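# Structural characterization, general
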2 protein chains.
Amino acid sequence: MASTHEPHPRGRSEVGDLDTIVSERLDLVDQRTTAARRSLVDILAGTTAPLTLREILELDAGLAQSSAYRNLAVLEEAGVVRRVVIGDDHTRYELAEDLTGHHHHLVCADCGAVTDFVLDDPAEQVLEAALDAAAAAAGFRAEHHRLDLVGTCRRCG
Amino acid sequence: MASTHEPHPRGRSEVGDLDTIVSERLDLVDQRTTAARRSLVDILAGTTAPLTLREILELDAGLAQSSAYRNLAVLEEAGVVRRVVIGDDHTRYELAEDLTGHHHHLVCADCGAVTDFVLDDPAEQVLEAALDAAAAAAGFRAEHHRLDLVGTCRRCG
DNA sequence: ATGAGTGCAAAGGCTTTGCATTAGG
DNA sequence: CCTAATGCAAAGCCTTTGCACTCAT
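Residues numbered from 1 in each chain as written. Chains lettered and ligands numbered in written order. Predicted model: local features only at pLDDT ≥ 70, side-chain atom pairs only at ≥ 80, totals over all residues. Heavy atoms only, no water.

### Comments concerning the overall build of chain A
A tally of helices and strands in chain A yields six helices and six strands. Along chain A, from the amino end to the carboxyl end, the secondary structure elements read α-α-β-α-α-β-β-α-β-β-α-β. For chain A, the proportion of its 157 residues judged to be buried stands at 45%. Partitioning the contacts of chain A with sequence separation of at least 6, the portion at a separation of at least 24 is 55%. Per element, the accessible surface of chain A, about 7900 Å² overall, is 49% carbon and sulfur. (Helix = DSSP H or I, 4+ residues; strand = E, 2+ residues; numbered from the N terminus. Buried < 20%, exposed > 50% of the residue type's maximum accessible area, 1.4 Å probe, protein only. Contact = heavy atoms within 4.5 Å. Areas by Shrake-Rupley, 256 points an atom, 1.4 Å probe, with all protein chains shown as cover.)

### Here's the deal with the environment of Gly87(A)
Of note, Gly87(A) is situated in the loop between β2 (81-84) and β3 (92-95). Placed 21 residues apart in sequence, Gly87(A) and Ser66(A) show a C-alpha to C-alpha distance of 22 Å.

### Regarding the protein's contact with DNA strand D
Near DNA strand D there are 20 residues, and of these Tyr69(A), Gln31(B), Ser66(B), Ser67(B) and Asn71(B) occur at the shortest range. Each atom of DNA strand D within 4 Å of the protein was classed as base or backbone; sugar and phosphate made up 63%. For DNA strand D, a base oxygen lies 3.2 Å from a polar atom in the side chain of Arg70(A). Contact distances for DNA strand D include 2.8 Å between a phosphate oxygen and a side-chain N or O atom of Asn71(B). At the level of elements, α4 (65-77) of chain A together with α2 (35-45) and α4 (65-77) of chain B are the ones that each hand at least two residues to the surface near DNA strand D. (Near = heavy atom within 4 Å. Polar contact = N/O pair within 3.5 Å; in protein donor to acceptor, adjacent residues only side chain to side chain.)

### A closer look at the relation of the copies chain B and chain A
Screw-axis analysis of chain B against chain A gives a translation of 0.0 Å along the axis, an RMSD of 0.1 Å, and a rotation angle of 180°. On this basis, the relationship between the two copies can be described by a two-fold rotation axis. Considering only C-alpha atoms, the residue of chain B closest to the rotation axis is Leu147(B), which sits at 2.2 Å. Looking at chain B, 95% of its interface residues are interface residues in chain A too, so the copies touch through the same face. (Least-squares fit on C-alpha atoms with pLDDT ≥ 70 in both.)

### Here we look at the protein's contact with DNA strand C
Among the 21 residues in the neighbourhood of DNA strand C, the closest are listed as Ser66(A), Ser67(A), Arg70(A), Asn71(A) and Tyr69(B). Counting only the atoms of DNA strand C that lie within 4 Å of the protein, the sugar and phosphate share comes to 62%. With respect to DNA strand C, the side chain of Ser67(A) contributes an N or O atom lying 2.7 Å from a phosphate oxygen. Contact between DNA strand C and Arg70(B): a base oxygen at 3.2 Å from a side-chain N or O atom of the residue. For the surface near DNA strand C, the secondary structure elements donating two or more residues are α2 (35-45) and α4 of chain A together with α4 of chain B.

### Some details on helix α6 (residues 121-137) of chain B
When the terminal C-alpha atoms of α6(B) are compared, their 24 Å separation across 17 residues agrees well with the 24 Å that a helix rising 1.5 Å per residue should span. Buried within α6(B) we find Ala123(B), Glu124(B), Leu127(B), Ala130(B), Leu131(B), Ala134(B) and Ala135(B). What you see down the axis of α6(B) is that its buried residues fit within an arc of 140°, all on one side. Of the residues in α6(B), the exposed ones pointing more than 90 degrees away from the buried face are Gln125(B), Ala136(B) and Ala137(B). Residues of α6(B) that are buried make contact with β5 (114-117), α6 (121-137) and β6 (141-152) of chain A together with β4 (104-108) and β6 (141-152) of chain B. Following α6(B) by one or two positions, Gly139(B) adopts a phi angle in the positive range, close to 65°. (Expected span 1.5 Å × (residues − 1). Arc of directions from axis to C-beta.)

Here you go:
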């Protein structure tokens, strides 16, 4: 379970590869690779933070709201997209971690902005060991963890 | 790395003290201490996991839904209650951490059940140090963190 | 051509709000 | 007493669903 440490690669450099991977994963769940789905993946691949549906629609003006919701659900089922619920506000969406690398979220309590960050490897390892122990103690089979740091961002501070 | 602290003290032993603290905090934000608010606090103090509104209402049949929402918002503003958003399902509520102790949540991906757990002290310290470093690097003023372990609970596993 | 994907509009479900009534300090 | 709190019902808001049309394979 390698944990990537550099700011994870959610850029456009590997979009070619990404398209292929996405198509394959859609095939696996018997879903077609459509323009709308490619567009959604490209949008998510082009940012460094999870986006709300509103933000996604602003970046792809020609997509119906309902189609966006439906396609994001399909992409989630295909293991391409992950839903991120951070506050009581809107749901956000990002690419699955195996496409971007394991990371966490900085959440501004003031403006609601969300940014990605990574823990250094030693800390991440200590954390994972401690979580495994806690899971074992509770008779819990651990899958993954979510870690948010809540505070005030540079602009609001 | 055993993390077997006892389930944090959200029991009824200190309810007397708790009532006093709650009244004081309500006073501080110019809110009255009413029966409904005391009841909500007692309910939250009586469990070991954050509750949904539905669960809360089941435990206090005589409280209107809207009053529950309003009072939980007041209690949150008073620093007595904390809103916990875990999945895309319902919001949950628990007592503020300074009343119960710092803890995290085990979330069953299958049935949605939520349970509290604590990290052992060394791990928590490593985590906090790493988070402080990450916050500093991002120009972020850290307030607190949230850590959920998602997996399968004993009953669903 | 044939079933999946899309857009539009309407329905759902949790949460919030308006307003008259009741109760806290 | 006088303002805040409560209950009921209606409104809001994000998200999902129904249905006819269009596109992908």
